[in-house]
Amino acid sequence: MPIHPSMRSTFAEFSRRNNCRFWRITGIALLACLGLCPCSGQIPDLTQKSLEDLMNINVTSVSKKAQKTSETAAAVFVISTEDIRRSGALNIQDLLRMVPGLDVAQIDVGKWAISARGFNGQYSNKLLVLIDGRTVYNPEFAGVLWDSQNVPLDTIERIEVIRGPGAAVWGSNAVNGVINIITKSAGDTQGGSITAGAGNTSVGPEMIRYGGKARGLGAYRFYGEGFHKSALPTIAGLNGQDDWRLIHGGYRTDTALSAKDTLITEGEVYQGNAGEFANTIVSLQSALNATLALRDRYWGWNLLTRWNRTISPRSATSLQVTFDRTTRGDTTYDIALNTFNIDFQHHFALGARQDIVWGVGYRVGLDDICPTLRLSATPENRTTQLFNSFAQDEIAILPDSLHLTVGARFEHNDYTGFNIEPSARLVWTPNSKNMVWSAVSGADRTPARSDTDARINLDAEPASVLTGYLPVLVSFFGNPKVKNEQLKAFEAGYRNTWTNRFSVDSTIFYNRYRDLESVEQGVMRIELTPAPVHVLIPSSYGNNLYGETHGLEIFANLKLADNWTLSPGYAFIAMHLHTFTGSADVLTVHETQGGSPNHQAQLRSSASLPWKIKWNTSAYFVNSLPTQSVPSYTRLDTGLTWRAGEHLSISAEEQNLLKDRHLEYNGSVSSVQSGLMRRNFYGNISWSF
Amino acid sequence: MVFLCLFALVSGAPGIARAQTAADEYRIKSAFLYHFAQLVEWPPGTLNSGNASLNLCIFDDEPRLADLRSTIDGKPIGLRVFHVVLLSSSQELQSCNMLFFSRDEARRQGAILKRLRGQPVLTVGESADFLPNGGMIRFHIEENKIRFDINLGAADASHLKISSQLLLLASVVIRSNGTGLER
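Residues numbered from 1 in each chain as written. Chains lettered and ligands numbered in written order. Predicted model: local features only at pLDDT ≥ 70, side-chain atom pairs only at ≥ 80, totals over all residues.

A. Structural detail: the overall build of chain B. Summing up its helical and strand segments, chain B has six helices and 11 strands in all. Across the 183 residues that make up chain B, the buried fraction comes to 38%. (Helix = DSSP H or I, 4+ residues; strand = E, 2+ residues; numbered from the N terminus. Buried ≥ 20, exposed ≤ 12 C-beta atoms within 10 Å, placed from the backbone.)

Encoded structure:
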């Protein structure tokens, strides 16, 4: 019976199907010359084959040669549509909790700290996130603005999470993991659907969606969604003022231009606002910091176009173009970011034993950081370019049992120039029930504007005798000479399907880091601007941290009965980071190591009850974060979904059943006040027509 | 533009030798449809006695039509001949013995399956809710291979007899009382 989807999917299939390179049509002439490509060969008469033979044929559009299946030599976890439906989660971030090895900590209503294999933080910079292949890792902040990533859950086909470096294919910043959110094709979301829901801490998401077909266009869908989530209490018990409102809408079209060409276009526009309590500098004239209730307002839009062409069953190309604009700010900062991306990829089989993917891409970002007292950048506007190319070859050393994949990505960025990220992976599949893989990879985390150009004024202190009657300003500067953070990763894993009722997947890893960012004190000096004249205490980034992390991730699926499955999981990480002597940084190592939980465990149960009711329960245990004073917690969520009729679906969900309030993250370097997660009930109704 | 030239260059490259074990998905599915027709018994008198044909109906805006037709149109099934009939609207269902809905047909299939309930037409589809809607056989892909599930209840209601050989090869067989049986 079906093995858990996380167990079998090909790496090349990831690269091919997972929207990583993007395309644009510009001329009919081009289509004409493409039509010249020779296509047919000898077509075997398939009706002569028996059913059993037909059931053994591989149907990928790029053939994996005469072999059964290639296993993915990586720590991959797939969240399927069924997992999404049964989880009762209302947003992508809560769904990610079920991935062993991912740290998911909610900071307040609209902010999350999500990372893989350590280094968690609000802007965790070692995790690459893509939606249909469009990068949503923000190159200016070096992190993901999670409050802008709201894909309606019932339009998600699956979420693929790879823990470990994916840089050889996906690029720098895929240092500790890659999350790829793939939406359903428009053909799979036909008809209309209205969803309405509410709970004790939120109203919505309310969504309306409609899909249809149009001659010439193919299939399309469009949607509109909105929600309002109420504020959470702060640690002190006050209203956190972090309520979050969002409204967004989008569309997708899937067109078959010919039997061999498909075109996908997608777009989204969104607007939201979320509050927070942040400790910030207010004025230097009369040196003043305060904890202000700020309201972040943001809006943006993005477009994606991808053209896939199947040249033959052994060769396919893909061209993708994306554009993304976002503007956000509150009274203390104001930024606008525009990113344009074009990527080409070609995937083909070479001979009987090799499967090659290669590609080239270009990204240009234009940003504008309007100077405020709190945040400014030099220069105020900057255009940054990124050139990249990659190649990967999967070689069947022993077809059916031993495969070696070698690859590398070459990049050039405006801050640190040229870098290479190589990877080698070996997979051994002695039989269809077992698979062992191991990998060695290198990955770089390249700098963003926040690392190089930005200046943050953190704190103002009043004038005193000791400071020569001048006020004091504590500021943090980016370092234009900062280097890439580098990782060498060694991983190995084992997957087993003992019976069709029990499967297990385990991974161990050992990561060596160098040139990790440290905070270095600069030399105190007198500064004239911003007025009035003051004593400046500067600090900046250095690359004086290094060290290693190692750990284990294991999860299993146990099908205890035809209608009941249990999924336990466990992840462990130990971090040993050090500072070079000579660096004055005494805090970062301690804070980083204490920012990720050492142990995490989970147990999920999904059961199908009579009358088309499904009952799911999830329990998550997360160990403490001692440097943040976050105690360990166990979170229990449970819910029911009932398919009441052909068109109607009703669900009720309870989150945080065990404890009314718990803290998940309280970053000591962050200025934002964390909220306590509350026990909440939520119900929703969905009607399709 | 470098990218487009590259695209054109690569896409126009001479074809690489085709592997024998890989084939287009819909050609394989049409071979499956051919086998289904041989392993299902229609109630006596319902197959077109006049022209000894067995008709598989497909909607004429189906983009993969060519694949479906070229593989099986005109092939013999026992004493009959397999014919692929194109439908331009759902009005013409009378001559159909089998009806195939590709995965983009999710919108149309609900209404048509309702109309065909109890009728001796073997319905084959691909969308996720095909079987709950009353469809009889549903294709899906697992690990790059084609598999199928059978809704025996719907077939029984139409008095179509599905051979045990076909039931054994199915991944999931849903019986008439609604419980699934997985293998």
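B. Spatial organisation of the overall build of chain A. Check the secondary structure of chain A and you find eight helices and 37 strands. Compactness check: chain A gives a C-alpha radius of gyration of 26 Å against a globular reference of 26 Å for 689 residues, within 12% of the reference. Principal-axis analysis of the C-alpha atoms places the extent of chain A at approximately 95 × 55 × 50 Å. When burial is assessed residue by residue, chain A has 49% of its 689 residues classed as buried. In chain A, 65% of the contacts between residues at least 6 apart in sequence involve partners at least 24 apart. (Rg over C-alpha atoms; globule rule 2.2 N^0.38 Å. Contact = placed C-beta atoms within 7 Å.)

C. Seen up close, the pairing of strand β21 (residues 402-413) of chain A. All names here are of chain A. Here β21 shows one buried face, formed by H403, T405, G407, R409, E411 and N413, and one open face, formed by L402, L404, V406, A408, F410 and H412. Inspection of the sheet shows strand β20 (residues 381-398) paired to β21 by 12 bridges, in the antiparallel sense. Pairing of F387 across the sheet is with H412, part of β21. Taking the residues that link successive antiparallel strands as the turn, the β20-β21 hairpin has three residues, and the phi of D400 there is positive, at about 80°. Sheet topology note: the β21/strand β22 (residues 417-431) ladder contains 12 bridges and is antiparallel. From the neighbouring strand, H412 faces β22, where its bridge partner is F418. In textbook terms, the turn of a hairpin is the stretch between consecutive antiparallel strands, and for β21 and β22 this stretch comprises three residues. (Pairing = 2+ DSSP bridges.)

D. A look at the confidence of the model for chain A. Residues and elements named next belong to chain A. When the pLDDT values of chain A are averaged, the result is 84; 91% of them are 70 or greater. This model gives residues 1-42 a pLDDT under 50, and the stretch forms 113 contacts once residues within four places in sequence are excluded. When the criterion is pLDDT under 50, residues 60-70 qualifies, and its contacts beyond four places in sequence or with other chains add up to 43 contacts. (pLDDT = per-residue confidence, 0-100.)

E. Structural context of the sheet that holds strand β1 (residues 75-80) of chain A. All names here are of chain A. Overall, mixed pairing links the five strands, which are arranged β1-β8-β9-β4-β5 in an open sheet. Sheet topology places β1 and β5 (134-135) at the edges, where each strand pairs with a single neighbour. In this structure, strand β4 (residues 127-131) lies alongside strand β9 (residues 177-183), joined through five bridges in parallel fashion. Counted as the bridge partner of V129 is I179 from β9.

F. Region of interest: the nonpolar core. In terms of nonpolar packing, the biggest core is built from 73 residues, with I114, L128, V161 and I181 of chain A touching the most fellow members. Here I181 of chain A is in contact with I92, L130, I131, V151, I156 and I159 of chain A, once residues within four sequence places are set aside. Judged by nonpolar contacts, the second largest core, of 38 residues, contains I112, V124, F139 and F148 of chain B. (Core = buried A, V, L, I, M, F, W, Y, C linked by C-beta atoms within 7 Å.)

G. View of the confidence of the model for chain B. Residues and elements named next belong to chain B. Averaged over chain B, the pLDDT score is 76; the fraction of residues at 70 or greater is 72%. Across chain B, element-level confidence peaks in strand β6 (residues 122-125) with a mean pLDDT of 92 and bottoms out in strand β11 (residues 180-182) with 41. Counted against residues more than four places away or in other chains, residues 11-22, with its pLDDT under 50, gives 35 contacts. Confidence over residues 177-183 falls short of pLDDT 50; this stretch has 10 contacts with residues more than four positions distant or in other chains. Here the complex is predicted with pTM 0.76, and the ipTM for its interfaces comes to 0.78.

H. Quick peek at the pairing of β9 of chain A. All names here are of chain A. Buried residues dominate β9, accounting for six of its seven residues. The pairing of strand β8 (residues 156-163) with β9 spans seven bridges and is classified as antiparallel. Among the inter-strand pairings, V161 is bridged to a residue of β9, identified as I179.

I. Summary view of helix α2 (residues 25-39) of chain B. Residue and element names in this part refer to chain B. Here α2 is 15 residues long and its end C-alpha atoms lie 21 Å apart, about the 21 Å a rise of 1.5 Å per residue gives. When you tally the buried positions in α2, you get 12 out of 15 residues, the bulk of the element. Every buried residue of α2 is listed here: Y26, R27, I28, K29, S30, A31, F32, L33, Y34, H35, F36 and A37. (Expected span 1.5 Å × (residues − 1).)

J. Structural detail: the environment of L93 of chain B. Residues and elements named next belong to chain B. Tracing the backbone shows L93 in the loop between β4 (80-87) and β5 (98-100). Residue L93 is classed as partly exposed on the basis of its C-beta count, with 16 C-beta atoms lying within 10 Å. With 19 residues separating them in the primary sequence, L93 and I112 have C-alpha atoms 9.2 Å apart. The contact partners of L93, leaving out residues within four places of it in the chain, are C57 and L116.

K. Layout of unusual backbone geometry. Residue and element names in this part refer to chain A. Geometrically, the link from G204 to P205 is a cis peptide bond, its omega value of 20° lying close to zero. The linkage connecting T378 with the following residue, P379, adopts the cis geometry, with an omega of 0°. As for its position among the elements, P379 is in the loop between β19 (375-377) and β20. With a phi close to 55°, R117 is a non-glycine residue in the positive phi region. Note that R117 resides in the loop between β3 (111-116) and β4. Look at D132: it is not a glycine, yet its phi comes out positive at around 50°. Within the secondary structure layout, D132 lies in the loop between β4 and β5.

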